[in-house]
Amino acid sequence: MRLHLVLVLVAAWPNLGRADVISYLRFEDNGGGIAQDQTGLMDGELINFSDTSPGGGDVSGRGWSLDVPTTTVPLTGDANTSSIRMNGGSGYIDLSNGYDLNLGMDFTIEFYMKPDQPIVASAVFGFEPVNKLFFALIVDVGELEWYTQFQDELRTAPVDLVQIGEWQHVALVMEPTEYTIFIDGQTQYNGPIPSSGQGPFDFPGDPTLGTRTIGGDSGTFRGYLDEFRISDEALTPDRFLMAVPEPTTLGLLGIGAGWILVQTLRRRRQSST
C-alpha cells in the first residue's frame, strides 16, 4: 500500500512540477523605490517614479497600484495585493547590477499585463549587454504587433488575442530554434529563430543603468504589470502562473505529504525509545 501511494504521488507530481525560477518580481512591495526579486538575483530600482507611496500609481499614473489581475496567484495560491503602473513617461524598473543573468537556450518569461494603447512602442522588458533580448507592443501602420529582438534579429507577431485595458497573462517561451508567445495560455504565435538570433542568452552583470529593464530604458511601457517571472525551462501552459492545478493532483499531494509526515513522526518516536 505504501509503495503504491508513493508511486501515485510521483506520477502526480509533474503536473505541479516547477522549473527553477531565475527571477521573480511579484510587485507585492506596494511602496518604496525597490521591487524585490524573490530569488535575490536582481531587485528592481524604480527610476523616474515621482510617487512611490502605497497605491500612488492609482493617482499619479506611475507607481504602485492596488489594481491586480487576481487576488490569488492561481498556480501557487499566493496572495496578490499590488502591481506596478507605468504611463510611458520615462519611468522604468532598472534590474542592472553586478550579478550575471544566465538564461541559456530554453527559458520562459511570463507576466500579467493590463496595457494601455501604445503611442508608438510600449516596451515590456529589455536585456543587454553583449546579448540582446527585447519584447514590446508596437503600433505599425495603425496596427498593434508584438515586436521581439533576438540578438540583432527583429521579429514581429500578431496580437489579436491582446485586449487593451484588460488584465491578461503573457508568456514568451524560448527554445533553441523557435519561440512561442502565449496569451492566457493560448498560443498567439509560434515562429523560428534564425541562427544569428539564437542563444545562449546570457547577460554579464553590469551596474550601469539601463542594461536590464522592465518598461524599457526610456520608460515607454504604458499600463500595468504584475508577477514578472523568469524560469529556466520552456514551460508548457499548465505550468504558467495562471494555471490552476487539478484538484485531484492537489489531493494526492496532500495525502502523500500527510503520509510522509506520519512516517517521519513514527521514526522519531522509535529512535527516542
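If you're wondering where the values come from, they're calculated on a predicted model, not measured in any experiment.

## With respect to the side chain of Arg 239
Logical step 1: Looking at where Arg 239 falls in the secondary structure, it is placed in the loop between β18 (222-231) and α3 (247-272).
Logical step 2: Here the side chain of Arg 239 touches Glu 233 through a polar contact of 3.1 Å, side chain to side chain.

## Thoughts on the side chain of Thr 213
Logical step 1: Relative to the elements of secondary structure, Thr 213 occurs in strand β17 (residues 212-214).
Logical step 2: For Thr 213, a relative accessible area of 2% corresponds to the buried category.
Logical step 3: The contacts of Thr 213, once residues within four sequence positions are left out, are Tyr 92, Ile 93, Asp 94, Leu 95, Val 124, Phe 125, Gly 126 and Phe 127.

## Observations regarding the pattern of salt bridges
Logical step 1: For the coordinates displayed, the defined rule picks out seven salt bridges.
Logical step 2: A salt bridge links Glu 110 to Arg 229; the nearest nitrogen and oxygen atoms lie 2.7 Å apart. With Glu 110 in strand β8 (residues 107-115) and Arg 229 in strand β18, the pair connects residues that are 119 residues apart, well separated along the chain.
Logical step 3: Classification of Glu 110 as buried rests on a relative accessible area of 0%.
Logical step 4: Owing to a relative accessible area of 4%, Arg 229 belongs among the buried residues under this scheme.
Logical step 5: Of the charged contacts in the structure, one is a salt bridge between Lys 132 and Asp 152, with a shortest N-O distance of 3.9 Å. Of this pair, Lys 132 sits in the loop between β9 (121-127) and β10 (133-140) while Asp 152 sits in the loop between β11 (143-150) and β12 (153-157), and the two are 20 residues apart along the sequence.

Basis of the calculations
Residues numbered from 1 in each chain as written. Predicted model: local features only at pLDDT ≥ 70, side-chain atom pairs only at ≥ 80, totals over all residues. Heavy atoms only, no water. Helix = DSSP H or I, 4+ residues; strand = E, 2+ residues; numbered from the N terminus. Polar contact = N/O pair within 3.5 Å; in protein donor to acceptor, adjacent residues only side chain to side chain. Buried < 20%, exposed > 50% of the residue type's maximum accessible area, 1.4 Å probe, protein only. Contact = heavy atoms within 4.5 Å. Salt bridge = Lys/Arg side-chain N within 4 Å of Asp/Glu carboxyl O.

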